[in-house]
Amino acid sequence: MAGRPGRRSRLGQEPPRAGAAAVDAEPDPESVARSIALRLLTGAPRSRAQLAEAMARKDVPDDVATRVLDRFTEVGLVDDAEFAAMLVRTRHAERGLARRALALELARKGIDREIAEEALAGVDDEDEEAAAVALVRRRAPASRGLEREKRRRRLVGMLARKGHSPSVALRVVDAVLAEERDGDPA
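As the structure is a prediction and not an experimental result, all values here were calculated from the model.

Here's the deal with the packing of helix α6 (residues 80-95) against helix α7 (residues 99-108)
Then comes step 1: Across the interface, α6 lies against α7 with an axial gap of 10 Å and an inter-helix angle of 140°. Classified by the angle their axes make, α6 and α7 are oblique. Relative to α7, the crossing made by α6 is right-handed. Residue-level inspection shows Ala84, Leu87, Val88, Arg91 and His92 of α6 in contact with α7, the latter providing Leu102, Glu105 and Leu106.
Then comes step 2: Grouping the constituent residues of the contact of α6 with α7 by class yields 5 nonpolar, 1 polar and 2 charged.

Description of the UniProt feature "domain: RecX first three-helical" (unreviewed entry) in the chain
Then comes step 1: As annotated by UniProt and renumbered to match this structure, "domain: RecX first three-helical" (unreviewed entry) occupies residues 33-71.
Then comes step 2: This span, residues 33-71, is 79% helix and 0% strand, and a straight line between its end C-alpha atoms measures 11 Å.

Points about the side chain of aspartate 80
Then comes step 1: Relative to the elements of secondary structure, aspartate 80 occurs in helix α6.
Then comes step 2: Buried charged residue aspartate 80 carries no salt bridge. Nearest counter-charge: arginine 48, at 6.2 Å.
Then comes step 3: Discounting chain neighbours no more than four positions away, the residues touching aspartate 80 are Ser47, Arg48, Ile111 and Ile115.

Let's talk about helix α8 (residues 113-120)
Then comes step 1: Residues Ala116, Ala119 and Leu120 constitute the buried set of α8. Burial along α8 is one-sided: seen end-on, the buried residues are contained in an arc of 95°. Every exposed residue of α8 that faces more than 90 degrees away from the buried side is listed here: Glu114 and Glu118.
Then comes step 2: Each element contacted by the buried residues of α8 is listed here: α6 and α7.
Then comes step 3: One side-chain oxygen at the N-terminal end of α8 lies 3.2 Å from the backbone nitrogen of glutamate 114; it belongs to aspartate 112.

Points about the pattern of salt bridges
Then comes step 1: For the coordinates displayed, the defined rule picks out 16 salt bridges.
Then comes step 2: Salt-bridge contacts for glutamate 53 lead to arginine 57; the nearest nitrogen and oxygen are separated by 3.1 Å. Of the two residues, glutamate 53 and arginine 57 are both situated in helix α4 (residues 48-57); the distance of 4 residues between them amounts to about one turn of the helix.
Then comes step 3: A residue is classified by how much of its surface remains accessible, and arginine 57, at 57% relative accessible area, is exposed.
Then comes step 4: Here the salt bridges do not stand alone but share partners, grouping Glu30, Arg34 and Arg67 into one network.

Looking at a nonpolar patch on the surface
Then comes step 1: Side chains of Leu38, Val75 and Leu77 sit close together on the surface and give an oily, nonpolar patch of about 250 Å² of accessible area.
Then comes step 2: Topologically, valine 75 is positioned in the loop between α5 (62-74) and α6.

Some words on α5
Then comes step 1: Taking 1.5 Å as the rise per residue, α5 with 13 residues should run 18 Å; its terminal C-alpha atoms sit 18 Å apart, in good agreement.
Then comes step 2: Those residues of α5 not exposed but buried are Val64, Ala65, Val68, Leu69 and Phe72. One side of α5 carries all its buried residues, which in axial view fall inside an arc of 125°. Among the exposed residues of α5, those pointing more than 90 degrees away from its buried face are Asp62 and Glu74.
Then comes step 3: Elements in contact with the buried residues of α5: α3 (29-43) and α4.
Then comes step 4: One or two residues past the end of α5 sits glycine 76, with phi positive at roughly 90°.

Reading guide: rules and limits
- Residues numbered from 1 in each chain as written.
- Predicted model: local features only at pLDDT ≥ 70, side-chain atom pairs only at ≥ 80, totals over all residues.
- Heavy atoms only, no water.
- Axes fitted to C-alpha atoms, helices over the stretch in contact; angles between N-to-C directions.
- Helix = DSSP H or I, 4+ residues; strand = E, 2+ residues; numbered from the N terminus.
- Parallel < 35°, antiparallel > 145°, perpendicular 65-115°, else oblique.
- Left-handed = near helix turned anticlockwise from the far one by under 90°.
- Contact = heavy atoms within 4.5 Å.
- Nonpolar A, V, L, I, M, F, W, Y, C, P; charged D, E, K, R; others polar.
- UniProt positions renumbered as here; feature names shortened; annotations may be inferred.
- Buried < 20%, exposed > 50% of the residue type's maximum accessible area, 1.4 Å probe, protein only.
- Lys, Arg positive; Asp, Glu negative; His and termini not counted.
- Salt bridge = Lys/Arg side-chain N within 4 Å of Asp/Glu carboxyl O.
- Arc of directions from axis to C-beta.
- Polar contact = N/O pair within 3.5 Å; in protein donor to acceptor, adjacent residues only side chain to side chain.
- Patch = residues over 30% accessible without salt bridge, like charges linked within 9 Å, V, L, I, M, F, W, Y side chains within 5 Å.
- Areas by Shrake-Rupley, 256 points an atom, 1.4 Å probe, with all protein chains shown as cover.
- Expected span 1.5 Å × (residues − 1).

Given below as structure tokens:
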């Protein structure tokens, strides 16, 4: 391209003389906000706060972002209560996260405390302990060659990172390791 004189100046003209860019060089902020929200929502559900943050990063004015998000909420494309409930269900079932870890994740995603508490109400102590047991049963076989105390520490640490309390983690790990020792996985 360096051997073609004049090429660079023709491509670099600002603003262009012809074409769509010459007519409308800057899209209106509302179109930008809608495009951002639709693109993000196409990939995965998002909270209102996550969408507002993405719009702010693209310099969408706050009043425009609020207007677009209000409209998306009105038509059901943005629903923080449903988003929170879905996140709690999936993260608890798939990753074995405890209520404490789930509450932190909801807060990071900008979910209002009342909405988060409502979503977390679906997970009780028994559900939390059952998820911990399932998780330890799934992970324990990978550490079979290690000494018992080392296995115990690793499994308790894994549950702690998932938001389980120390007492629940110790009780569950000890029970699963005892089952293993007795040959009773159920």
